[in-house]
Amino acid sequence: MAELTYRNAVAYGIAQEMRRDPMLVMLGEDIAGAGGVFKTTVGLVEEFGPLRVRDTPISEQAILGAAMGAAMTGIPVIAEIMFSDFLAVCFDILANEMAKSRYMTGGQMTVPVVVRTANGAGSRFGAQHSQSVENWCMMIPGLKVVAPSTPADVVGLMAAAIRDPDPVVFFEHKSLLASKGEVPDGEIIDELGTAKILREGTDCTIAALAYMVPRALEAAEHLAGDGISAEVIDLRSLVPLDTKAILGSVEKTGRLYTVEENPRLCGWGAEIASIVADEGFWNLDGPVVRITTPHIPIPSADVLEDLTIPSTQRIYDTIKTTLN
Amino acid sequence: MVDNPIETNSPGSGTRIDPGIVRCLPDQTRPTSRLLEHKLTSDELLHLYQRMVEIRRFDELAMSLQRQGQLGVWASCLGQEAAQIGSAYALADQDWVFPSYRETAVGLMRGITPGDLLHQYRGTWLGGYDPYKHRFAMNSIPIATHALHATGLAMAAKRAGDNLVSVAYIGDGATSEGDAHEAMNFAAVFAAPVVFFVQNNHWAISVPLSAQTASPTLADRAPALGFRGMMVDGNDVAAVHRVMSDALEHARGGHGPVLVEAITYRIESHTTADDHTRYRTAAEVEEWRERDPIARLEHHLDSLGMLTDDIRRSTREAADAKASAARIEILQLSAGDPTELFQHVYHGERPLLQEQREMLRAELRAWEEM
């Protein structure tokens with residue numbers, strides 16, 4: 001058992017898989033000598049060489065397009081898109097090409113690509129470098145979407161994503177990079193589509209993702225002080241989505257809160273609210289409440305940014321005032 | 001079109017001068033200043049003539065099937081047979097083709113059956129052919145995206161030590177896409193074995209080449225990015241074969257990518273959903289009809305005394321027979337199990353899709369009972 005930062009866990013997880021599979025390669029901007037602009041790939045080029053950890057020109061379409069072409073030959077490829085906002089630059093390849101290749105060829109072509117990207121707010125990067133865009137990817141049939149919240153999950157879900165034969169978008173949260181956690185020794189391989197109940201509770205369920213998970217846990221701790229027992233679920237993966245875990249928890253608590261960093265409209269919580277309305281309606285004791293970033297771009301000023309994304313306080317206040 | 005030499009360079013071999021627009025067969029419609037030797041035997045020329053006639057006949061069949069309501073849409077390759085067949089003939093079995101939607105002739109040259117090629121256009125079923133069997137990727141309807149896939153595959157092949165070249169077939173319009181630029185720059189930076197085979201057919205739907213680029217040629221793009229560009233008369237099958245062979249050899253030899261600009265013309269409308277008479281003159285089309293690639297080869301074979309009436313007739317009859325067989329095959333294409341809709345979205349089974357498949361099954365049962 002070693003304590004790793006979330007940042008180091010990224011390189012640790014990739015290295016585990018690159019040692020296992022000599023065919024696995026990685027493409028991206030500044031991932032080799034620089035070790036990634038977020039220092040998430042430090043040490044990889046030294047261990048695996050510049051042919052496997054390859055710096056590319058500034059060409060997001062080409063990074064994903066070439067990753068797909070290489071993956072067509074059956075080799076797994078990790079492609080890094082520096083900021084998740086830049087997925088908009090190469091969304092054609094992600095949404096129209098990678099996601100549809102298996103389908104359009106009747107299962108003959110697989111695209112085992114993991115698109116890693118730095119997601120989310122909290123780093124004062126402004127409107128074009130701070131978004132949470134996991135819902136952009138969630139709506140595309142053929143893509144899988146993963147967003148871990150702890151170093152151990154980064155390692156295990158990275159392995160699962162790399163070994164998955166479908167294209168997986170792997171969101172690494174910028175504001176979690178410095179956070180620390182225990183990572184078990186030995187090979188770690190997790191499973192996509194499995195949520196984790198991080199705190200058991202009986203009065204309400206809080207479903208959260210990535211950076212919102214530690215905030216949900218903090219809020220639950222405060223609520224406990226008021227005699228409210230909140231269950232916290234870390235979804236970890238949006239596609240596949242562990243609906244059983246969510247519905248099972250709602251059956252127990254009767255109330256559901258989603259904590260989403262994405263802007264309000266069409267956030268992943270809306271989909272979960274819809275699933276619970278369909279399949280868990282009679283277990284609900286009150287409306288599903290979504291706690292989201294307002295439907296605005298992320299501001300760059302620190303004071304303002306802190307006011308936009310859901311804070312521990314906002315989660316606590318919302319639950320406190322709406323639970324009964 | 002000017003027959004001037006263009007300056008190009010390629011990684012590892014420095015700046016070099018390639019001949020301007022390569023021609024090997026005389027053009028019966030105009031005096032040709034300089035003809036280069038081609039690399040084909042007489043038998044091969046005759047074989048390519050037969051394939052060109054046969055594939056044009058197939059294209060006519062697809063056009064008429066579309067007009068009869070049997071195909072959803074068709075993008076004719078009429079007039080581009082020399083560019084497509086000459087280049088495809090130069091490929092090795094292990095090479096990969098990344099086609100656009102107009103590469104019918106290339107697909108047939110790679111051994112895809114007419115039925116497999118037309119499933120998609122007939123709307124009978126999901127995609128038809130196996131891309132791995134023919135090393136012919138899904139035809140790309142989005143523009144120029146496949147140039148990136150070709151580049152990535154070539155990079156992987158290079159690392160694996162596979163002796164293959166990846167060929168992206170794109171058009172003049174596609175060179176305006178960022179994808180084309182990014183693919184070419186990537187291929188050049190990583191010295192990937194890619195040939196960008198650009199069929200300059202002068203029209204991107206209704207937009208003429210002059211409105212597509214201010215560059216004097218499309219091949220000029222290559223030296224600007226540090227790799228070799230070549231130009232060829234795309235209606236001269238022997239010249240296309242020669243240039244493509246050189247390009248493949250260069251890429252296969254580890255010298256990086258090559259851009260081949262094959263100058264040709266789209267005789268038909270963009271697709272059957274388009275009407276070219278709205279945006280171009282009949283005189284222009286007529287001028288290019290006179291420069292027909294099959295007539296040009298015929299003329300040449302005639303001058304060699306190789307084209308007897310018997311051969312002409314048997315070629316036509318063989319093409320007709322193949323077209324009739326293809327017509328039967330196409331009209332008999334059958335649909336499969338509709339619940340296959342939910343397969344192949346992801347690897348393996350997914351609960352959400354299983355649920356939706358069951359909903360469709362229930363709907364289908366209810367309709368049957370009505």
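Residues numbered from 1 in each chain as written. Chains lettered and ligands numbered in written order. Predicted model: local features only at pLDDT ≥ 70, side-chain atom pairs only at ≥ 80, totals over all residues. Heavy atoms only, no water.

Student: Quick question: what am I supposed to make of the layout of surface pockets here?
Tutor: Rolled over the atoms, a probe sized like a water molecule indicates the empty space that remains. In this structure, the largest pocket spans a volume of roughly 1,100 Å³. Leu-238, Val-239, Pro-240 and Leu-241 of chain A together with Leu-352 of chain B are the residues nearest the centre of the largest pocket, which is lined by 39 residues in total. Going through the elements one at a time, α5 (134–138), α6 (151–163), β12 (237–239), α8 (243–253) and α9 (268–279) of chain A together with α14 (351–369) of chain B are the ones with two or more residues in the lining of the largest pocket. Looking at which element gives the most residues to the lining of the largest pocket, the answer is α9 of chain A, with six residues. Among the residues making up the lining of the largest pocket, the classes are represented as 20 nonpolar, seven polar and 12 charged. Of the volumes computed, that of the second largest pocket is approximately 510 Å³. Ser-100, Tyr-101, Arg-102, Ile-143 and His-270 of chain B are, among the 31 residues lining the second largest pocket, the residues nearest its centre. Residue assignment for the lining of the second largest pocket shows that the elements contributing at least two residues are α4 (114–122), β5 (166–171) and β7 (203–204) of chain B. (1 Å grid on protein atoms, 1.4 Å probe; cavity = no way out; pocket = protein on both sides within 12 Å on 5 of 7 lines; lining within 4 Å. Points joined across faces, edges and corners; volume = space filled by probe spheres on them. Helix = DSSP H or I, 4+ residues; strand = E, 2+ residues; numbered from the N terminus. Nonpolar A, V, L, I, M, F, W, Y, C, P; charged D, E, K, R; others polar.)

Student: Could you clarify how one ought to interpret the interface of chain B and chain A in this entry?
Tutor: Interface size is commonly expressed as the accessible area that is lost once the parts come together. Contact with chain B, which involves 36 residues of that partner, is made by 46 residues of chain A. Remark: the boundary between chain B and chain A carries zero salt bridges. Elements with a contribution of two residues or more to the side of chain B that touches chain A: β4 (96–98), α5 (131–134), α6 (145–160) and α7 (178–189) of chain B. When residues of the side of chain B that touches chain A are assigned to their parent elements, the largest contribution, eight residues, is made by α6 of chain B. (Contact = heavy atoms within 4.5 Å. Salt bridge = Lys/Arg side-chain N within 4 Å of Asp/Glu carboxyl O.)

Student: Even after reading the chapter, I still don't get the pairing of strand β2 (residues 25–28) of chain A, so can you show me in this structure?
Tutor: Along any regular strand the residues' side chains alternate between the sheet's two faces. All names here are of chain A. Side chains Val-25 and Leu-27 project from β2 onto one buried face, and the interleaved Met-26 and Gly-28 project onto a second face that is buried too. Relative to strand β3 (residues 53–55), β2 runs parallel, the two being bridged by three bridges. Counted as the bridge partner of Met-26 is Val-53 from β3. (Buried < 20%, exposed > 50% of the residue type's maximum accessible area, 1.4 Å probe, protein only. Pairing = 2+ DSSP bridges.)

Student: Explain the nonpolar core to me, please; I cannot follow it from the model alone.
Tutor: Counting 167 residues, the largest nonpolar core has Leu-87 and Leu-235 of chain A together with Phe-196 of chain B as the members making the most contacts within it. Beyond its immediate sequence surroundings of up to four residues, Phe-196 of chain B is in contact with Ala-147, Thr-151, Ala-168, Ala-183, Met-184, Ala-187, Phe-227, Pro-257, Val-258, Leu-259 and Val-260 of chain B. Leu-91, Tyr-101, Leu-108 and Ile-294 of chain B belong to the second-largest nonpolar core, a separate cluster that totals 65 residues. (Core = buried A, V, L, I, M, F, W, Y, C linked by side-chain atoms within 4.5 Å.)

Student: Can you walk me through the domain arrangement of chain A in this structure?
Tutor: All names here are of chain A. Splitting chain A by domain gives domain 1 (2–183) and domain 2 (196–322). Taken together, the contact pairs 24 residues of domain 1 with 28 residues of domain 2. When domain 1 packs against domain 2, the two sides together hide about 2,100 Å² of surface, and 59% of this comes from carbon and sulfur. It is Arg-124, Asn-135 and Met-138 that lose the most area in domain 1 upon contact with domain 2, and together they represent 28% of the buried surface on that side. At the junction of domain 1 and domain 2, the tally comes to four salt bridges. Its salt-bridge partner being Arg-236, residue Asp-153 comes within 3.0 Å of it at the nearest N-O pair. For the pair domain 1 and domain 2, the interface holds 14 residue pairs in polar contact (both at pLDDT 80 or more). Of all the elements in the fold, those that place two or more residues in the side of domain 1 that touches domain 2 are α5, β6 (144–146) and α6. (Domains from an automatic or database assignment. Buried area = accessible area lost by both parts, 1.4 Å probe. Polar contact = N/O pair within 3.5 Å; in protein donor to acceptor, adjacent residues only side chain to side chain.)

Student: Is there a simple way to think about the sheet that holds strand β9 (residues 196–199) of chain A in this case?
Tutor: For sheets, the rule is that strands pair by backbone hydrogen bonds, running either parallel or antiparallel. Residues and elements named next belong to chain A. Read from one edge of the open sheet, five strands run β9-β11-β10-β13-β14, paired in mixed fashion. Unpaired on one side and paired on the other, β9 and β14 (289–293) mark the two borders of the sheet. Within the sheet, the average angular offset between the axes of one strand and its neighbour, ignoring direction, is 25°. Across the face of the sheet, α8 comes into contact with β10 (204–208), β11 (230–234) and β13 (256–263) while running at roughly 175° to β11. (Axes fitted to C-alpha atoms, helices over the stretch in contact; angles between N-to-C directions.)

Student: Which parts of the structure should I look at to understand the side chain of Gln-199 of chain B?
Tutor: Residues and elements named next belong to chain B. Mapped onto the elements of the fold, Gln-199 is located in strand β6 (residues 194–200). In this structure Gln-199 comes out as buried when scored by relative accessible area, which is 3%. A polar contact of 2.9 Å, which involves the side chain of Gln-199, links it to the side chain of Gln-80. Setting aside anything within four residues of it in sequence, one finds Gln-199 in contact with Gln-80, Ala-83, Gln-84, Glu-103, Tyr-169, Ile-170, Gly-171, Asp-172, Ala-262 and Thr-264.

Student: What am I meant to see in a nonpolar patch on the surface here?
Tutor: A cluster of nonpolar residues, Val-303, Leu-304 and Leu-307 of chain A, forms a patch on the protein surface that exposes about 300 Å² of accessible area. Within the secondary structure, Leu-304 of chain A sits in helix α10 (residues 302–308). (Patch = residues over 30% accessible without salt bridge, like charges linked within 9 Å, V, L, I, M, F, W, Y side chains within 5 Å. Areas by Shrake-Rupley, 256 points an atom, 1.4 Å probe, with all protein chains shown as cover.)

Student: Would you explain the confidence of the model for chain B in this entry?
Tutor: Keep in mind that low pLDDT regions are not for reading the predicted coordinates in detail. Residues and elements named next belong to chain B. Chain-level pLDDT for chain B is 91 on average; 94% of the residues reach the 70-or-more range. This model gives residues 1–17 a pLDDT under 50, and the stretch forms 49 contacts once residues within four places in sequence are excluded. On the interface metric, ipTM, the complex scores 0.86, and its pTM is 0.90. (pLDDT = per-residue confidence, 0-100.)

Student: Looking at this structure, how should I read the environment of Tyr-346 of chain B?
Tutor: For Tyr-346 of chain B, the position within the fold is in the loop between α13 (309–331) and α14. Aside from chain neighbours lying at most four places away, what touches Tyr-346 of chain B is Arg-102, Ile-140, Pro-141, Gly-142, Leu-143, Lys-144, Asp-166 and Val-239 of chain A together with Leu-353 of chain B. Of note is the side chain of Tyr-346 of chain B, whose polar atom sits 3.1 Å from the backbone nitrogen of Gly-142 of chain A. Here the side chain of Tyr-346 of chain B touches Leu-143 of chain A through a polar contact of 2.9 Å, landing on its backbone oxygen.

Student: Would you mind showing me how to read the packing of helix α3 (residues 60–71) of chain A against α7 of chain B here?
Tutor: Helix-helix packing is described using two parameters, namely the angle between the two axes and the distance between the axes. Viewed as axis vectors pointing N to C, α3 of chain A and α7 of chain B meet at an angle of 70°, and their least axial separation amounts to 9 Å. Considered as vectors, α3 of chain A and α7 of chain B are oriented roughly perpendicular to each other. Here Glu-60, Gln-61, Ala-62, Ile-63 and Ala-66 of chain A of α3 of chain A come into contact with α7 of chain B, specifically with Gly-178, Asp-179, Glu-182 and Phe-186 of chain B. Here the contact of α3 of chain A with α7 of chain B is built from residues that sort into four nonpolar, two polar and three charged. (Parallel < 35°, antiparallel > 145°, perpendicular 65-115°, else oblique.)

Student: Honestly, the pairing of strand β7 (residues 168–173) of chain A in this entry has me stumped. Any pointers?
Tutor: All names here are of chain A. With six of its six residues buried, β7 lies for the most part within the structure. Covered by surrounding structure in β7 are Val-168, Phe-170 and Glu-172 together with Val-169, Phe-171 and His-173, the residues of both alternating faces. Bridge count between strand β5 (residues 113–119) and β7: six bridges; the pairing is parallel. Paired with Thr-117 across the two strands is Phe-171, which belongs to β7. Pairing of β6 with β7 involves three bridges; the strand directions are parallel.

Student: How should I be thinking about empty space enclosed by the protein in this particular structure?
Tutor: Tallying each qualifying case throughout the model produces seven cavities of 30 Å³ or more. In this structure, the largest cavity occupies an estimated 120 Å³ of space. If you trace the largest cavity, you find it lined by Val-25, Leu-27, Leu-51, Arg-54, Ala-66, Ala-70, Ile-75 and Val-77 of chain A together with Gly-152, Met-155, Ala-156 and Arg-159 of chain B. Elements that contribute at least two residues to the lining of the largest cavity include exactly β2 and α3 of chain A together with α6 of chain B. At four residues, α6 of chain B tops the list of elements feeding residues into the lining of the largest cavity. Its residues assigned to classes, the lining of the largest cavity shows nine nonpolar, one polar and two charged.

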